[in-house]
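Topology and contacts: notes
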Amino acid sequence: MTDWIKAARLRTLPLSLSGIIMGAFIAKWRLYGEGGIWDWKILALALLVTLLYQILSNYANDYGDGVKGTDAKRINEAEARAVASGKITAKQMKNAVILFAALSFIATIALLYVAFIPNYMNEFYIFIGLGVACILAAIGYTVGKKPYGYMGLGDIFVFIFFGLVSVCGSYFLFTKTFSWDILLPGTAVGMMSMAVLNLNNMRDIESDRLSGKNSFALRIGFKNAMIYEMILLQLPLVLILIFLGVNGFIQQQNYYVFIVMILLFPLAKLRRNIMSVKEPKELDQYLKQVGIMTFVMAILTAAGLNLFN
């Protein structure tokens, strides 16, 4: 059981929850202002679904990299990967991927039933397709003949599914509407998620080169990947600030909503620490920190918007 828990990589879970929290509580704030109803059951099911997606992705990643031999070349990390280390067989991990894909689909149906049935049938079917796309994206990063993670497309998929789909999708589950300004926090969470993936790929840049995994970091080189990382960590709070600005909080002098801006200081320190790294393997310690920072950004944004509702 311990090996399965390690393979689930619990440190990645706060990142996956961030988009749901961001979208759900922006929806709560907006519905409160419009006299709408916010259903906590949708939040609970959405959190369950995203956790299942994340664990599915981690198991599929472990399986895909394991059978391709990619993890065997990661001297600093191979012992933490279940298939590569032999703690879990490839067949067992494949069965776990199938199981979690099924559980994810069942949980998705339950979520969409609560959110859309019986009055929003078209949306129900559209979101089923979106749920299937999420499951396929979770598996396809490293699994298959042409996994997109090996073609340098991981950043794009992470931005779409961890950012736009997670934030905008969860917002829609509550409000049944789309507003252009939700793209701002969606992009912010997406960029922070990309920052985590890029750090991971920067850390593994040499082993990925040996195994033929052409991540985006490998394609542009370590130095440019570091510049890219700084941009990804710099812009999210700017986007959140713009979101708060276009919704009139500056004019209303509701300054408590800007509590999220206290992250300017720890994020600045985090960027300095990352830039000071001399060896790629030293980046591993910052993966969890960026994930937690994303989670805190979502929590503080939610708290600022809803504190006095």
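Residues numbered from 1 in each chain as written. Predicted model: local features only at pLDDT ≥ 70, side-chain atom pairs only at ≥ 80, totals over all residues. Heavy atoms only, no water.

Per the secondary structure count, the protein includes 14 helices and 0 strands. The linear arrangement of helices and strands in the protein, starting from the amino end, is α-α-α-α-α-α-α-α-α-α-α-α-α-α. Each of the three principal axes of the protein carries a C-alpha extent, and together these read 55 × 45 × 30 Å. For the protein, buried positions account for 54% of its 309 residues. (Helix = DSSP H or I, 4+ residues; strand = E, 2+ residues; numbered from the N terminus. Buried < 20%, exposed > 50% of the residue type's maximum accessible area, 1.4 Å probe, protein only.)

Another point: the packing of helix H3 (residues 40-68) against helix H5 (residues 90-116). In helix packing, the relevant descriptors are the interaxial angle and the interaxial distance, both defined with respect to the helix axes. Two elements in contact, H3 and H5, have axes whose closest approach is 9 Å; the angle formed by their N-to-C orientations is 160 degrees. Comparing the axis directions of H3 and H5 gives the class roughly antiparallel. Considering how the two elements wind past one another, H3 and H5 form a crossing that is left-handed. (Axes fitted to C-alpha atoms, helices over the stretch in contact; angles between N-to-C directions. Parallel < 35°, antiparallel > 145°, perpendicular 65-115°, else oblique. Left-handed = near helix turned anticlockwise from the far one by under 90°.)

A few words now on the UniProt feature "transmembrane region" (unreviewed entry) in the protein. Taking the UniProt record as the reference, the feature "transmembrane region" (unreviewed entry) is found at residues 12-31, 37-56, 96-118, 124-144, 156-174, 226-247, 253-270 and 290-308. In this annotation, residues 96-118 is assigned 91% helix and 0% strand; the end-to-end C-alpha distance for the span is 33 Å. Taken as a whole, residues 226-247 contains 95% helix and 0% strand, while its terminal C-alpha atoms sit 33 Å from one another. (UniProt positions renumbered as here; feature names shortened; annotations may be inferred.)

What follows is about the pattern of salt bridges. A full pass over the atoms with the stated rule returns 7 salt bridges. Put simply, lysine 213 and aspartate 65 hold a salt bridge, and the shortest N to O gap is 3.7 Å. Note that lysine 213 is positioned in the loop between helix H9 (205-211) and helix H10 (216-220) and aspartate 65 in helix H3, a separation of 148 residues in sequence. Residues lysine 213 and aspartate 65 agree in their burial class; the two are buried. One salt bridge in this structure joins glutamate 206 and arginine 209, with 3.3 Å as the shortest N-O distance. With glutamate 206 and arginine 209 both in helix H9 and 3 residues apart, the pair spans about one turn of that helix. (Salt bridge = Lys/Arg side-chain N within 4 Å of Asp/Glu carboxyl O.)

Within the secondary structure layout, phenylalanine 295 lies in helix H14 (residues 284-306). Linking phenylalanine 295 and leucine 13, residues 282 residues apart in sequence, is a C-alpha distance of 9.5 Å.

A few words now on the nonpolar core. The biggest cluster of nonpolar side chains holds 99 residues, and the ones touching the most others in it are Tyr59, Met93, Leu244, Val260, Ile274 and Met297. In terms of residue count, the dominant contributor to this core is H3 (12 residues). For methionine 93, the residues in contact, after removing those within four places along its chain, are Trp4, Ala7, Tyr59, Asp62, Tyr63, Ala82, Val83 and Ile88. (Core = buried A, V, L, I, M, F, W, Y, C linked by side-chain atoms within 4.5 Å. Contact = heavy atoms within 4.5 Å.)

One turn of an α-helix holds 3.6 residues; hence residues three or four places apart share an orientation. Counted at 1.5 Å a residue, the expected span for helix H6 (residues 121-140) with its 20 residues is 28 Å, and the 29 Å between its end C-alpha atoms agrees. Restricting attention to buried positions, one finds in H6 the residues Phe124, Phe127, Ile128, Gly131, Cys134, Ile135, Ala137, Ala138 and Gly140. Contact partners of the buried residues in H6: H3, H5 and helix H7 (154-175). (Expected span 1.5 Å × (residues − 1).)

Now for unusual backbone geometry. Cis geometry marks the peptide bond from isoleucine 117 to proline 118, where omega comes out at 10 degrees. Relative to the assigned elements, proline 118 resides in the loop between H5 and H6. Positive phi, close to 60 degrees, is recorded for lysine 176, a residue that is not glycine. Note that lysine 176 resides in the loop between H7 and helix H8 (183-203).

What follows deals with a nonpolar patch on the surface. Nonpolar side chains collect at one region of the surface, where Phe178, Trp180, Leu183, Ile227, Ile231, Leu235, Val238, Ile242 and Val246 lie side by side and expose about 820 Å² of accessible area between them. Ranked by residue count, the leading element in the nonpolar patch is helix H11 (residues 222-246), at 6 residues. By the secondary structure assignment, isoleucine 227 is in helix H11. Residue classification places isoleucine 227 among the partly exposed residues on the basis of a relative accessible area of 47%. (Patch = residues over 30% accessible without salt bridge, like charges linked within 9 Å, V, L, I, M, F, W, Y side chains within 5 Å. Areas by Shrake-Rupley, 256 points an atom, 1.4 Å probe, with all protein chains shown as cover.)

Going through the model one piece at a time under the given rule, you end up with 15 aromatic pairs. Ring centres 5.6 Å apart and planes at 40 degrees place the aromatic pair tryptophan 29 and phenylalanine 249 in the tilted group. Here phenylalanine 249 lies in helix H12 (residues 249-252) and tryptophan 29 lies in helix H2 (residues 13-34), a separation of 220 residues in the sequence. Owing to a relative accessible area of 4%, phenylalanine 249 belongs among the buried residues under this scheme. Between phenylalanine 216 and tyrosine 228, the aromatic rings sit 5.2 Å apart at their centres with planes inclined by 70 degrees, giving edge-to-face as the arrangement. (Phe/Tyr/Trp six-rings, centres within 6.5 Å; stacked < 30°, edge-to-face > 60°.)

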